[in-house]
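Structure at a glance
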Amino acid sequence: MKIIHIDQKYPEDWIRVLNHIANLFFEDSKLKVEAEGTDMTVSFEYNIGDDFSIATKAVLEVDGKRYTNDYRIQYESGAEGRELNIRMKRALSHVFLDVLEQHTGMQQQWGILTGVRPTKLYHKFRKAGKSDEEIADILIRDFRLSEEKVSLLKEIVERQLVTIPDIDEIGKEISIYIGIPFCPTKCAYCTFPAYAIGSNRKQGRVATFLDGLHIELREMGKWLKDNNMKITSIYWGGGTPTSIEADEMDALYQTMYDSFPNPETIREVTVEAGRPDTITPEKLEVLKKWGIDRISVNPQSYTDETLKAIGRHHTVQETIDKFWLARESGMNNINMDLIIGLPNEGIEEFQNSLDESAKMQPESLTVHTLSFKRASEMTRNKDKYRVADRDTVAEMMHMAQVWTKENEYVPYYLYRQKNILGNLENVGYSKAGEESIYNIVIMEEVQTILGIGCGASSKFVHPETGKITQFHNPKDPAAYIMTFEEAIGKKIEFLDELYKA
């Protein structure tokens, strides 16, 4: 924990942003006005000019050393309220980042960006009519991104525009997320709704949840049909939606296709079959019956000891066997996930994971960097899990970049998380033409995602203004069963407001 003394009391949201910047350099930090017991002192100056400019300065003092930085940005027009506040926070972050880089010798490749969706910022400038050169200049100069990260964003945005040529108009359509909250076991790093299916089935919660889900699918489908909505993509997630039995899956897909409008225009349906220990020939036959050939078979790691440590009760060999079973059963678009920085894993273990992936050549490979999510078992017991240092994690990410290029994968979506190892990113790679439409639209927030089922989040995106309103179904199956009918009503109100105005 680093305690940082600040020169005066600033607005709470300013402190929050500055804290995020400090946490890029220190595992944990706290900013406070009182000088007692602090490790360093920072003071700021700022000025808003009559010419729409903002000027800031930071002075950092640590152990008798002094670091300073000045920054000035000129805007084309003035701002007030929320927009002015955003400008101020960016300008203060700019100088604070600089003095911390001077002090620590660490260079932050993502600059002042601490949010989840950096590609969304690139799209914003693109839609404003700026060229790639102008966007690069802004991101490097004002957001302090490295040239490498700007190049990565540019490549991803270009691929997204090929995958979804109408991405700027797709807000008139809708995508759907359907949540099944059960897994064989819960992974140590996971904060998704994932409840052990065995004990919940004994208590009758699986059957009652599925009863409620059928009702929600029919009721939401009725609204979609009545309003002749076009569905872009459907994603079955969780949990692990292949945790339930084959006949239960079959019944749900029957309800989905009976209830949803214009099934012939749906561009993509994905079923997250991430846990290999849930995949059976019978379940693959059900998927094939309904024309679903896009699934995930997620190894996370190809080291058995790692799988045991993170609570995944399957073996490396089972992952390999289930991949080939899925392939032979007609699954033509298989995604696999790898996680960089899992406990006790370094360069050698990650190279092994890449070598094994090379033998299978899945259509897409998502490379995650381990994030210590607040509610995960791994975060609650951090001392129990030894993870790689910053430099090793960065090297593993570089290995993934080299490997994907050599194996003809292209990056097509990216997102970042708080408390992510090495302040890195998660990148989805695919063979050209095999990109997931759903992954793009949810990351870029270009259309409404209607959440159905347990733990499903709905994100209502206004098709004209882009304003976002969120609504969350309960994560717990028991709570979902009691409240799903009320949730249906609320979501229909949101939909009416967006599409019937």
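Summarised in this report is the structure supplied together with it. Here the structure is a predicted model, which is why all the values come from computation and not from measurement.

1. Considering the overall build of the protein
Of the regular secondary structure elements, the protein holds 16 helices and 18 strands. Relative to its length of 501 residues, the protein is compact, with a C-alpha radius of gyration of 24 Å against a globular reference of 23 Å. Each principal axis of the C-alpha atoms in the protein carries an extent, and together these give about 70 × 55 × 45 Å. Partitioning the intrachain contacts of the protein with sequence separation of at least 6 by distance along the chain shows that 73% fall at a separation of at least 24.

2. Overview of the pairing of strand β15 (residues 426-431)
For β15, the buried fraction is high: five of the six residues fall into the buried class. Bridge count between strand β14 (residues 409-415) and β15: six bridges; the pairing is antiparallel. Each bridged residue has a counterpart across the sheet, and for Y413 the counterpart in β15 is G428.

3. Overview of the pattern of salt bridges
In this structure the tally under the stated criterion is 26 salt bridges. One salt bridge in this structure joins D166 and R267, with 2.8 Å as the shortest N-O distance. Placement of D166 in the loop between α5 (147-163) and β6 (174-180) and of R267 in the loop between α8 (246-259) and β10 (268-271) is noted, with a sequence separation of 101 residues between them. Look at R267 and you get partly exposed, because its relative accessible area is 34%.

Rules used in this analysis
Residues numbered from 1 in each chain as written. Predicted model: local features only at pLDDT ≥ 70, side-chain atom pairs only at ≥ 80, totals over all residues. Heavy atoms only, no water. Helix = DSSP H or I, 4+ residues; strand = E, 2+ residues; numbered from the N terminus. Rg over C-alpha atoms; globule rule 2.2 N^0.38 Å. Contact = heavy atoms within 4.5 Å. Buried < 20%, exposed > 50% of the residue type's maximum accessible area, 1.4 Å probe, protein only. Pairing = 2+ DSSP bridges. Salt bridge = Lys/Arg side-chain N within 4 Å of Asp/Glu carboxyl O.

Remember that the coordinates give geometry; whether it matters functionally is a separate question.
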